[in-house]
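For reference, the chains in residue letters:
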Amino acid sequence: MSFADDQSYLSKDIADVDPDVAALLAAEARRQGETLEMIASENFTSNAVLQAVGSVLTNKYAEGLPGRRYYGGCEVVDQVEQLAIDRATELFGCAHVNVQPHSGATANEAAYMAVLKPGDRVLAMALAHGGHLTHGLKVNFSGRLYEFHQYHVRREDCRIDMDEVRELARQTRPALIVAGASAYPRVIDFPAFRAIADEVGARLMVDMAHIAGLVAAGAHPSPVGIADITTTTIHKTLGGPRGGMVMCTEELASAVDRAVFPGLQGGPLMHVIAGKAVALGHALTPEYRQRQHQVVANCAALAEALTDAGVSLVSGGTDNHLLLIDLSATELTGADGETRLDDAGITVNKNGIPFDERPPTVTSGLRVGTAALTTRGLREDEMREIGAIIAAALAPQASADDLAALRVRSRAIGDRFPLYAGVESGTPVG
Ligand SMILES: *Cc1c(COP(=O)(O)O)cnc(C)c1O
């Protein structure tokens, strides 16, 4: 029998069809379970979301919007996308939402395209002070297409310098002001940004990629209804599948929709949109809200434990799901710190800190987040123990043996909170 006659490959298990990839999926499931995942932009999504993302919806082309598609056979995926839209609307109280952006970066691209022309001026947070590469990095599309100007945090307390934001807004008269960050541990004052935008006649965009889960649960003030456009990822604190979405006022609805398609994207990832619907459904539950508040409580407990152990933090602490360890007064670089914590069984990333004197490939900081471990069930007691492990790993005299011993302690904490019972294969159960 030739391959063309054998239809059975369509229905076989990945372990039988492709043992190489299957082994890697299992290896990654093991890695995620055996280390303490504290990368602030990561989270663990549910088995239900994994199932939606691993579903037959990946087969479907559905360019267009529910009820207005360029393909036949969309009667089921129309309902899936409408569910995602309805749940996002209920969760965030937005006037309009487009759930199709493939990522946070694409969501931002769509938002810019909806309200800017190439060459327009934009005011956003400096990357080195916590902003994102889509907020005007020279080699990014944003920095190439638009004229970005950058505001900063104050040196004395590392809070966003709203006086500088106002001054720069008056000087540069931007078409758009962007609030939102990838490495800012404090509450962002959206009404203050709105007032400045109104004063200079700019639109306001909030990129809440990092804090969307906290916003959904009321653990951080919401920008929706204050900003003209709010963009987000779905996979960070929000806890869903990898992807993005754009919320906006009714006035901007069609500009945003047209920017996403046909402006930027072709067919939407309907399997991922199904995963977004499931994740947004989770986010509407009281348990989810409770967990998001626990994320913040856990981060506060970790910050306190680190501070008590003599580890210095940017801005002296945190209001949200992440903190930044400041190594600038030590011999250790951020890169060293990342390796040390890796050896101690804790996964984080090196991160520039405001006014960093070391280059971006080395840095003087570590960004640490509590969203993923909170999803896994860890609470304040575990955070205090992790704080002690981190402090010990970053101590000047820590030896390879010390780090190995710390790794055993990290592993023991993880073992008490099994990740994904039954998902050892790295693929969804059921
Ligand atoms: C993560 C992030 C993004 C981009 O999200 P991707 O899905 O990685 O493209 C955009 N803006 C901010 C503030 C982010 O933190």
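Structural data are supplied above this passage.
Every value quoted in this text rests on a predicted model; they were computed, and no experiment measured them. (Residues numbered from 1 in each chain as written. Predicted model: local features only at pLDDT ≥ 70, side-chain atom pairs only at ≥ 80, totals over all residues. Heavy atoms only, no water.)

### Description of the overall build of the chain
A tally of helices and strands in the chain yields 16 helices and 14 strands. Taking 2.2 N^0.38 as the reference for a compact globule, 430 residues should give roughly 22 Å; the C-alpha atoms of the chain span a radius of gyration of 22 Å, in line with that estimate. Overall size of the chain, expressed as C-alpha extent along the three principal axes, is 65 × 65 × 40 Å. Counting the 430 residues in the chain, one finds 54% classified as buried. Put simply, 72% of the contacts in the chain that link residues at least 6 apart link residues at least 24 apart. Taken as a whole, the chain presents about 18,500 Å² of accessible surface, with 52% of it coming from carbon and sulfur. The average position of the 37 basic charges and that of the 53 acidic charges among the side chains of the chain differ by 3 Å. (Helix = DSSP H or I, 4+ residues; strand = E, 2+ residues; numbered from the N terminus. Rg over C-alpha atoms; globule rule 2.2 N^0.38 Å. Buried < 20%, exposed > 50% of the residue type's maximum accessible area, 1.4 Å probe, protein only. Contact = heavy atoms within 4.5 Å. Areas by Shrake-Rupley, 256 points an atom, 1.4 Å probe, with all protein chains shown as cover. Lys, Arg positive; Asp, Glu negative; His and termini not counted. Charge placed at Lys NZ, Arg CZ, Asp CG, Glu CD.)

### Overview of the nonpolar core
One finds Phe 92, Tyr 151, Ile 160, Ile 177, Phe 193 and Met 245 to be the most contacted residues of the largest nonpolar core, which totals 64 residues. Per-element tally for this core: the top contributor is helix H4 (residues 75-92), with seven residues. Once you skip the residues sitting within four places of it in the chain, Phe 193 turns out to touch Tyr 151, Ile 160, Met 162, Val 165, Ile 177, Ala 179, Ile 188 and Leu 204. Counting 32 residues, the second-largest nonpolar core is a separate cluster that includes Leu 341, Ile 386, Ile 390 and Leu 403. (Core = buried A, V, L, I, M, F, W, Y, C linked by side-chain atoms within 4.5 Å.)

### So, the site of the ligand
Surveying the vicinity of the ligand reveals 13 residues, the closest of which are Gly 104, Ala 105, Ser 182, Asp 207 and Lys 236. Within the contact set of the ligand, an oxygen atom lies 3.5 Å away from a side-chain nitrogen or oxygen of His 235. Between the ligand and Lys 236, the relevant distance is 2.7 Å, taken from an oxygen atom to a side-chain nitrogen or oxygen of the residue. Coverage of the ligand by the protein chains reaches 86% of its 380 Å² of free accessible surface. Looking at the shell around the ligand element by element, the count peaks at three residues for helix H5 (residues 104-115). Split into classes, the residues belonging to the shell around the ligand amount to three nonpolar, eight polar and two charged. (Near = heavy atom within 4 Å. Polar contact = N/O pair within 3.5 Å; in protein donor to acceptor, adjacent residues only side chain to side chain. Nonpolar A, V, L, I, M, F, W, Y, C, P; charged D, E, K, R; others polar.)

### Focus on unusual backbone geometry
In this chain, Phe 261 is followed by Pro 262 through a cis amide linkage whose omega measures 10°. Looking at where Pro 262 falls in the secondary structure, it is placed in helix H10 (residues 253-264). One non-glycine residue, Arg 173, lies in positive phi territory at about 45°. Secondary-structure assignment places Arg 173 in the loop between helix H7 (162-172) and strand E7 (176-179).

### Observations regarding the environment of Arg 411
Relative to the elements of secondary structure, Arg 411 occurs in helix H16 (residues 400-415). Note: C-alpha distance between Arg 411 and Pro 428 (17 residues apart in sequence) is 23 Å.

### What to know about the sheet that holds strand E9 (residues 229-233)
By way of backbone hydrogen bonds, the strands of a sheet pair with one another, either parallel or antiparallel. Taken together, seven strands build an open sheet; the order of strands is E4-E10-E9-E8-E7-E5-E6 and the sheet is mixed. The sheet is open, and its two edges are formed by strand E4 (96-98) and strand E6 (147-151), each paired on a single side. If you compare each strand with its neighbour and ignore which way they point, the axes differ by 20° on average. Pairing of E4 with strand E10 (residues 244-248), which is carried by three bridges, proceeds in the antiparallel orientation. From the neighbouring strand, Asn 98 faces E10, where its bridge partner is Val 246. (Pairing = 2+ DSSP bridges. Axes fitted to C-alpha atoms, helices over the stretch in contact; angles between N-to-C directions.)

### Here we look at the sheet that holds strand E13 (residues 349-350)
With antiparallel pairing, the three strands of this open sheet are ordered in space as E11-E14-E13. In this open sheet, the two edge strands, each paired with only one partner strand, are strand E11 (322-326) and E13. Pairing of E11 with strand E14 (residues 365-369) involves five bridges; the strand directions are antiparallel. Paired with Leu 323 across the strands is Val 368, a residue of E14. Those strands touched by helix H12 (residues 286-308) are E11 and E14, and its axis lies near 15° from that of E11. Contacts between helix H13 (residues 334-343) and the sheet are confined to E13 and E14, with E14 contributing the most and set at about 45° to the helix.

### Comments concerning the environment of Ala 111
Its location among the elements puts Ala 111 in helix H5. Exposure remark for Ala 111: the relative accessible area of 0% places this residue in the buried category. Every residue in contact with Ala 111, bar those within four places of it in the chain, is listed here: Met 205, Ile 229 and Thr 231.

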